[in-house]
Each structure stands twice: as structure tokens, then as C-alpha cells.
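# A closer look at the structure
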Amino acid sequence: MDDGLLRVDQVTKQYGDRVITRVLHGVSFDLAPGEFAALVGPSGSGKSTLLHLLGLLDRPTSGRIVLRGCDTAGLGQRALGAFRGRTLGFVFQFHHLLPAFTALENVMMPALAARGRPDQDMRRRATALLERVGLSDRLNYRATDLSGGQQQRVAVARALSMSPALVLADEPTGNLDTESGDQVFALLREFNREQGTAFLLVTHDPRLAARCDRVIDLVDGRVRSDRRDPRAASGGDRPAGPA
Amino acid sequence: MPFEWMVALRYLREGRVQSLLILTGVAVGVGVIVFLSALIGGLQDSLIQRTLGTQAHIVLRRPDEMPRTLIDREGGAGITARVERPAQRLRSVLQWQQAMDAIGRVPGVTAVTPTVTGAAFARQGTANRAVLLRGVDPTSFQRIIDIKARIVAGRFDVTAADAVIGVELASALGLTVGDKLRLVAPDDRSDVVTVRGIFDIGNKDANERWVFVSLRSAQTLLDLAGGVSTIEVRVSDIFSAEPVAVQLTAATGLQADSWMRTNTQLLVGLRSQSQSSVMIQVFVIIAVALGIASVLVVSVVQKSREIGILKAIGTPTRRIIRVFLIEGALVGLSGSVLGIALGAALALFFASLATNPDGSSTFPVNLTVALFVRSACIATATGIVAAAAPAHRAARLDPVEVIRYG
Ligand SMILES: Nc1ncnc2c1ncn2[C@@H]1O[C@H](COP(=O)(O)OP(=O)(O)O)[C@@H](O)[C@H]1O
Ligand SMILES: [Mg+2]
């Protein structure tokens, strides 16, 4: 089991001290290396919350999150940050590029933040990634001078810059028109096939969900269904866990 | 360029208006500090220079010649005041040549000269003036007090039966270079000398009373054949004069009075002036620090989105703290460069407003590299300290909040 990429075990999350909001009620599932999974569900069902927990940006109220065999509950704040930098990549709905920096600098930023100073290797890798997402002519554009689709492609390049084992994407196409959204989705898929990077992406678009290898349906903080073959579209209630 | 510097510089450039605002604040603060320090430093230096222009740093004499209490009671009156008291027979410093050798070996001593100093009268026709006879060896005395620079007529030449007198005495007795003058000791020994030079030492009392003659003339007139009444010393660091004086007493057994001891009131005055200047500087620094801190806090709030993203992509908290500390240090340093230029320009302008007849400024200002370096260091340190609170605020920011709400 520990040779898996990610194991989520009875994870709950609640907010507040006096007025307690329970958002996740014991979520469990596993993710294998190289899997390309969609996380779907109605708005407010806890998808973003779950992603933040998996992204080690926040800690669960109870339950365990095991990443590459390492129980993350045992890690301190600093170790979590380092672990996050090495293992995970993020793509957010609102692009979240650093507006004061160029596309190239944005893509270099995770490596720069981890290692402290730039080197030729970082620059080469960031340039190659931006070429790969079709932005070789926009390397030195300010993030704010790019279109929404272009910004999200920079964000994808940034998420992949540290060669993460798992990329967490929260509605990466949510703010894009259909064409740009399809482009970004296609990119994610290609990176998944070429480099074996695992993806867990939140989407509201059933078209995109249908093109994933697996669909995890979250409703009211519980996994309602976890289907390996979404094209069958059976809607059955298979329990979480590897088939 | 390291990550922290790159981000700090970019943010400073991005927030142009804010950066300019802090920079101006720091520049004005540092300008005030530099201007004030230059002015007060210049004033104090010129006061000390004026005092030391007519005084050796340390004067040694026989311990029993003059009870210490008398000097203490007289405070800062100096050599000239002592002669006002009824003349007593001068007694030579014992084995003064050996004492001079011993003094010369004490670290910090840069020049030593033997002098014969005593009261006498100067007579010219019917005019009669009480004077202070200063029997000196001109070459070594010149290293103690720069008389040559103060000569207004003739030369500082007291080799044989010569005298060099002050401008006030010259005009009181109607003397010019080349004239003869009779010097009379209290016991009526007398001698006729030729005026070789006239000095203006910037001190009315000295200009009125000092008469430089050769050591031999003074020894003869004051009945001190082969002896000297005092040994005068110059030290490398004027503010070490007192400790050196203590060492000299230990080395020679002579009574050693430093200029610091004979001018305690002046020093007390200077010290309290320095203290009030430090107080003003402290308040300026506090104001500058609050200014930097408040602008940086605003910029942290404005940048919370970016800080959240930086954290989300794995930037260690310590690096984020460093970004803001660097910003503080940079505005402190660059603001201080502007402020130093501003303060220096203001000080020089002030100094140029009024000048003495000889071209020197009435408001001497003391602009030194040390002052500039000190101001830059203070401003940089202030910037870093002021940035500490905003930096920790940034460090505490929760990236989830930022990501969730865009
Ligand atoms: N910090 C918080 N405090 C209280 N409730 C929160 C907090 N964050 C999220 N929630 C609640 O958790 C629920 C799930 O939110 P979210 O994970 O964003 O859902 P989704 O991404 O599926 O739309 C929502 O009802 C939201 O109001
Ligand atoms: Mg959401």
C-alpha cells in the first residue's frame, strides 16, 4: 500500500471554535502514481478544502494523509513546506501568478524559492516548459500582460517546474473560455502521459471529467462515488480504494 | 541574484510611490542627523581647537610647586590665571632632561618641550605691563603650539636676546618688529630684547601677556640657571590626555595636568551638548522607523495575495521574512545616501553664510566620512528593525485564505 502515491484515510475537516462547520466527513481514497483523476461534486461540497489538505497548505481535523509513504501529520511546518515544494504542484482557478514578475520568472519561482538563487539549469528548464505550453514568444512578458488562457498555461508550467509526482488543480479551466480551457486540459493530459505525473483536478465541466481516467464524486463532504471508467457513466456507488 | 534580493528589489520597484515616500522620509531624517551632527561637531571641534591653540595637552611641573587645590579651584582658567597670583620663586624640575626622555617613551606622547614660564614686566618708556614670560626652545615648542601659523609680523625667532610678543601687547606698548623692549623680573633682574615677531593667537589674554623669549633668557631673568619650570607635552589623541597624564606622573613623579583637567567646565558643557544632540537624533530615528514600518505594513497588506502565492508554491517562511527585512535595509541605506547628500549640502550652505575675515567659516561644520558611515549604518539598521513587524505579519499570512478567495 505504501508504494502508492497518496492515501487519504478517514480525513475530516471542520472549521470554527464555537460555531463548528463540518466540511469533510471521513474522506478516504488512494491515488496511484501517474493516475489522472477528476474530483467533481456540487459547489460547497468540500473539493477545495480537500485539495488544500492534500496540498499540505492546511491540516485535517482528523484522519491521515500519507504521501509517498510519509504520514504528513508527523511533519513540522518547515518540513511540510519543503515536502510540498518537492512533491506537489498547484494550479489554481484564479491563475495566481505573481504579477510583478515575467512568465519566465514565475515558472522559475518554485525552484528559486527552494534553492535560493537562480542557475542556468533552472532557466533552461523553465524556458523548455514555457515552450512546451506554447509560450516561447512570451517568456519575458509580465504575467499581467498575458491573456487568461496564457496565464493559466504559465501556471501549468510553474506547477510542473519542480517535476512533482502529483499536481493538484482546482478548477484550472473554470475561468477560461471553452477553447482555452480545452487547450489547458490537453496540456495537463499530455504532461500526464509523457512524464507520468499524477493529476487530481477539480472540475465542473462533465465533458472534461469524462476525459479523465477516474472520477471521484464528492457530495456534502463524503465520497459518493469513485469510478475508474467514467465513460461507462454508470453512476454506481463503488467504495473508495483501488480496484 | 539571490531569491530574496530579487523579490525585494522587484517589490520596491513595483510600489514606486510607496518606495519614494519612505525614501524621502529616511532622507529627511538622515539629513537632519547629518546636519545637526556636522554643526555640533564643528562647533565643538573649533571650541576645543581654540582652547588647545594656546595650551599644551599636558603640562608637567614639580609636584610641590603648586598645590593641586589651587588649580582645581580655578577651574578652566589655565596657565595665564596662575601667574596672577603673587610671584613665588620658581623652582626647577629636577633632572628635567631625564624626565623628558622618560616622557618621550610613554605611548601616545608625540612631542615634548621644556619651558621656563614665569611672571615679569615689560617696560617701554613709561609704559609698564605685567606679562607672562615664556622661555621656549622654538623648534620643539612649535610642535606643541603652532605659533608660526599665528605670526602676523616678523618671525617666530627667539634664539638670542629676542622676543616674540602678542598683537595686543605690541599695540599697548607701541612696538613693531625690530624695536627694543626691557623685560624686568619681580626681583628686578632685567634684560633688553629685540622684538622679532608679533603673533595673534586668537586669545586676548595671551595676545596681551605672552612674551616668548629663549630658554636661556628666561632662565637668566627668572633665576633658574640650567633649569626649567615646566615640561609641556602633546599627545596623539587629545581625549586620551588625562590617562596619559596619569601615566606621566607615574613615570616621572611630576605633577601632570592635562588640558581636560584644566578645562573641566568646557568638557562638561560639550558633553551635555552632545547628549541633547543624541536625544534629538534618537527621536528622529524613532520617527523614521515608525514611517518605514507603517508604509511596509501597508505594502504587506497590499501584497498579501502575492505572499500567499509565494507560500503556496513552497517558499520557506524565513525567505519571506528576509524579503521584507531586505526591503527595510535597502530603503534605509538608499534613503541615507540621499539624506547624507542633503545634510552635507545644508551644512556646507550654512557654513558658507558667514565667514571670518581670514576666510574660515563662523559656523564651522564637521563633515567626516565617519559621520557618513555612522549615519548610513544607523539608517540601515533602523530600516531592518522597522521592517521586522511587517515581515512577521507577512510570515503569519495563511496562504489558504489567499488562494480560496482569490
Ligand atoms: N475557513 C472556513 N471557515 C468556515 N467555513 C469554511 C471555511 N472554508 C470553507 N468553508 C466552508 O466549507 C464548505 C466547502 O467549501 P469548499 O471546499 O470551497 O467547497 P467547493 O470547493 O467544493 O465548492 C463551504 O460551505 C464553505 O463555506
Ligand atoms: Mg472550490
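Here the residue numbers are simple positions, counted from 1 along each chain's written sequence. Whichever chain is written first is A, and whichever ligand is written first is 1; the rest continue in order. Totals for whole chains, interfaces and linings use all residues, but because this is a predicted model, local features are given only for residues with pLDDT of at least 70 and pairs of side-chain atoms are given and counted only at 80 or more. Only hydrogens and water are removed before side-chain values are computed, so all heavy atoms of the structure are retained for them.

### Remarks on the overall build of chain A
To qualify as a helix, a DSSP run of H or I must reach at least 4 residues; to qualify as a strand, a run of E must reach at least 2; elements of each kind are numbered from the N terminus. Check the secondary structure of chain A and you find seven helices and 10 strands. Computed over C-alpha atoms, the radius of gyration of chain A comes to 18 Å, within 12% of the 18 Å expected from 2.2 N^0.38 for 243 residues, which places it in the range of a compact globule. Summarising its shape, the C-alpha atoms of chain A cover approximately 45 × 40 × 40 Å along the three principal directions. The buried label goes to any residue with under 20% of its type's maximum accessible area, the exposed label to any with over 50%, and the partly exposed label to all in between, with areas taken from a 1.4 Å probe on protein chains only. Across the 243 residues in chain A, those meeting the buried criterion constitute 55%. Should any heavy atoms of two residues lie within 4.5 Å, those residues are counted as being in contact. Taking the contacts inside chain A whose residues are at least 6 apart along the sequence as the reference set, 66% of them involve residues at least 24 apart. Every radius of gyration here is taken over C-alpha atoms, with the globule rule written as 2.2 Å times N^0.38, N being the number of residues.

### Examining the site of ligand 1
Taken together, Tyr15, Val23, Pro42, Ser43, Gly44, Ser45, Gly46, Lys47, Ser48 and Thr49 of chain A together with Arg404 of chain B make up the full set of residues near ligand 1. Bordering ligand 1 are residues originating from chains A and B. Here a polar contact is recorded for every N or O atom pair within 3.5 Å, except that within protein the pair must consist of a potential hydrogen donor and a potential acceptor, and residues adjacent in sequence are included only if both atoms are side-chain atoms. Within the backbone of Gly44 of chain A, a nitrogen or oxygen atom sits 2.7 Å from an oxygen atom of ligand 1. Taking Ser45 of chain A, its main chain carries an N or O atom lying 3.3 Å from an oxygen atom of ligand 1. Top element by residues in the shell around ligand 1 is helix α1 (residues 47-54) of chain A. It accounts for three residues. Amino acid classes used here: Ala, Val, Leu, Ile, Met, Phe, Trp, Tyr, Cys and Pro are nonpolar; Asp, Glu, Lys and Arg are charged; the rest, including Gly, are polar. Among the residues forming the shell around ligand 1, the class breakdown is three nonpolar, six polar and two charged. Here, proximity means that at least one heavy atom of the residue falls within 4 Å of the molecule or strand.

### Things to note about the interface of chain B and chain A
The interface of chain B with chain A comprises 29 residues on the first partner and 31 residues on the second. Between chain B and chain A, the buried area comes to about 2,500 Å², and carbon and sulfur atoms account for 62% of it. Of all residues in chain B, Ile313, Ile403 and Arg404 of chain B give up the largest surface area on contact with chain A, accounting jointly for 23% of the area buried on that side. Throughout this description, the term salt bridge denotes a Lys or Arg side-chain nitrogen within 4 Å of a carboxyl oxygen of Asp or Glu. Linking chain B with chain A are two salt bridges. Using a 1.4 Å probe, buried area is obtained as the accessible area two parts lose upon being combined, added over both of them.

### What to know about the sheet that holds strand β3 (residues 36-40) of chain A
Residue and element names in this part refer to chain A. Two strands qualify as a pair provided DSSP detects at least 2 bridges between them. Here we have six strands laid out as an open sheet, ordered β6-β7-β8-β3-β9-β10, and mixed in their pairing. The sheet terminates laterally at β6 (88-91) and β10 (222-227), the two strands that pair on one side only. Each adjacent strand pair in this sheet contributes to an overall mean axis angle of 20°, direction not counted. As judged from the four bridges shared by β6 and strand β7 (residues 166-170), these two strands associate in the parallel manner. If you follow Gly89 over to β7, its bridge partner there is Val167. Between N-to-C directions, angles span 0 to 180 degrees; the directions come from axes that are lines fitted to C-alpha atoms, helices contributing only their stretch in contact.

### Topic: helix α5 (residues 96-105) of chain B
Residue and element names in this part refer to chain B. Listed in full, the buried residues belonging to α5 are Trp96, Ala99, Met100, Ala102 and Ile103. For α5, the angular spread of the buried residues around the axis is 165°, confining them to a single face. Looking at the buried residues of α5, the elements they touch are β1 (58-61), β2 (109-124), β9 (230-235) and α10 (241-252). Each C-beta atom gives one direction from the helix axis, and the arc is the one those directions make.

### Examining the nonpolar core
Residues Met109 and Leu130 of chain A are the most contacted members of the largest nonpolar core, which totals 91 residues. In terms of residue count, the dominant contributor to this core is helix α14 (residues 317-353) of chain B (nine residues). Residues in contact with Leu130 of chain A, not counting those within four places in the same chain, are Ala103, Leu104, Val107, Leu135, Ser136, Leu139, Val154 and Ala157 of chain A. Counting 52 residues, the second largest nonpolar core, distinct from the first, contains Leu52, Val131, Leu175 and Val228 of chain B. Throughout this description, the term nonpolar core refers to a set of buried Ala, Val, Leu, Ile, Met, Phe, Trp, Tyr and Cys residues connected via side-chain atoms within 4.5 Å.

### A look at the domain arrangement of chain B
When its domains are assigned, chain B resolves into domain 1 (3-52 + 267-405) and domain 2 (96-253). For domain 1 of chain B and domain 2 of chain B, the distance between their C-alpha centres works out to 51 Å. Marked domain ranges trace back to an automatic or database domain assignment.

### Considering α10 of chain B
Residue and element names in this part refer to chain B. By this rule, a helix spans an expected 1.5 Å times one less than how many residues it contains. The end-to-end C-alpha separation of α10 is 16 Å, in line with the 16 Å expected for 12 residues at 1.5 Å each. Taken residue by residue, α10 has Ala241, Glu242, Val244, Ala245 and Leu248 as its buried positions. Looking straight down α10, one finds its buried side chains confined to an arc of 155°; they lie on one side. Opposite the buried face of α10, by more than 90 degrees, sit the exposed residues Val246 and Ala250. Each element contacted by the buried residues of α10 is listed here: β1, α5, β2, β9, β10 (255-258) and α11 (259-262). One or two positions beyond α10, positive phi appears at Gly253, with a value near 75°.

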